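# An overview of the molecular structure
Chain by chain, the residues:
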Amino acid sequence: MEAEKRNSYNRLGAFDLFKGIGMVNIVLGHTIGLFSTGFSNPFYGALLQALNAPFIAAFFVISGMGFRKMRVGKCIRLQSRMFLPPYLYASLATAVLHFLIHSNLFFRGNPHGIMIESTRVIGGHLFGLPHTATYFGHMFYPCGWMWFLLSLWLGWIILDMLMNVLPERFWAVGALVTAT
């Protein structure tokens with residue numbers, strides 16, 4: 001009981017406040033296009049996007065604070081088990097819903113149009129695109145907010161590879177403290 005009570009008081013209130021402000025800001029930034037009143041001015045969208053960038057980068061850095069060095073193969077397996085299933089399930093659900101909506105509402109049974117649109121969605125998810133993009137003359141739709149999961153997966157694998165290649169003095173926290 002005593003240890004549990006001590007741990008609850010060990011948390012930094014400012015850190016929790018920062019996370020809360022960041023989460024609210026990112027939700028507002030991602031949903032700004034859904035609201036037409038007051039936010040239709042492009043200035044507001046650009047302002048929120050500029051405010052989002054530091055929070056997204058901070059969440060990326062914060063997510064790796066507890067990361068520990070391990071064998072590269074083990075890291076790939078562990079990160080793949082942690083990040084890829086939610087990404088793949090959400091991508092599959094998005095592709096199925098997109099297929100169903102287009103087959104019933106827009107194309108009214110045109111199989112060629114349905115397959116083209118579905119391929120654009122699936123391709124965007126396979127590439128992890130945050131925005132609509134054209135590659136080699138083919139257009140792909142974005143995977144939305146899920147790019148963050150894919151970038152965390154890849155970022156953690158790259159971090160582990162760097163930790164295995166570079167000497168400890170380059171990445172150890174204690175080395176940064178003693179060097180200053």
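## Observations concerning the overall build of the chain
What the chain contains, in helices and strands, is 8 helices and 2 strands. Its helices and strands taken in sequence order, the chain reads α-α-α-α-α-β-β-α-α-α from the N to the C terminus. Here the chain, with 180 residues, has 27% of them falling under the buried criterion. Considering only residue pairs separated by 6 or more positions, the chain has 55% of its internal contacts joining residues 24 or more positions apart. Accessible surface, the chain as shown: approximately 12,800 Å² in total, 71% of it carbon and sulfur.

## Points about the pattern of salt bridges
Two side chains that carry opposite charge are able to pair once their charged atoms sit near each other. Within the structure shown, the criterion is met by 1 salt bridge. Across the salt bridge formed by Glu 117 and Arg 120, the nearest N and O atoms sit 3.0 Å from each other. Note that Glu 117 and Arg 120 are positioned in helix α5 (residues 111–127) at a spacing of 3 residues, about one turn of the helix. For Arg 120, a relative accessible area of 22% translates into the label partly exposed.

## Considering a positive patch on the surface
On the surface, Arg 71, Lys 74, Arg 77 and Arg 81 cluster together to form a positively charged patch. Among the structural elements, Lys 74 can be located in helix α4 (residues 72–106). The class for Lys 74 is partly exposed, based on a relative accessible area of 42%.

## Here's the deal with α5
Counted at 1.5 Å a residue, the expected span for α5 with its 17 residues is 24 Å, and the 24 Å between its end C-alpha atoms agrees. Listed as buried for α5 are Gly 113, Ile 114, Glu 117, Ser 118, Val 121, Gly 123, Gly 124 and His 125. Following α5 by one or two positions, Gly 128 adopts a phi angle in the positive range, close to 70 degrees.

## With respect to helix α6 (residues 147–165)
For an α-helix, the turn length of 3.6 residues means that residues three or four places apart are oriented alike. With 19 residues, α6 should reach 27 Å at 1.5 Å per residue; the first-to-last C-alpha distance of 27 Å fits that figure. Of the positions making up α6, those classed as buried are Leu 149, Leu 150, Leu 152, Trp 153, Gly 155, Trp 156, Ile 157, Asp 160 and Met 163.

Cut-off values and rules
Residues numbered from 1 in each chain as written. Predicted model: local features only at pLDDT ≥ 70, side-chain atom pairs only at ≥ 80, totals over all residues. Heavy atoms only, no water. Helix = DSSP H or I, 4+ residues; strand = E, 2+ residues; numbered from the N terminus. Buried < 20%, exposed > 50% of the residue type's maximum accessible area, 1.4 Å probe, protein only. Contact = heavy atoms within 4.5 Å. Areas by Shrake-Rupley, 256 points an atom, 1.4 Å probe, with all protein chains shown as cover. Salt bridge = Lys/Arg side-chain N within 4 Å of Asp/Glu carboxyl O. Patch = residues over 30% accessible without salt bridge, like charges linked within 9 Å, V, L, I, M, F, W, Y side chains within 5 Å. Lys, Arg positive; Asp, Glu negative; His and termini not counted. Charge placed at Lys NZ, Arg CZ, Asp CG, Glu CD. Expected span 1.5 Å × (residues − 1).

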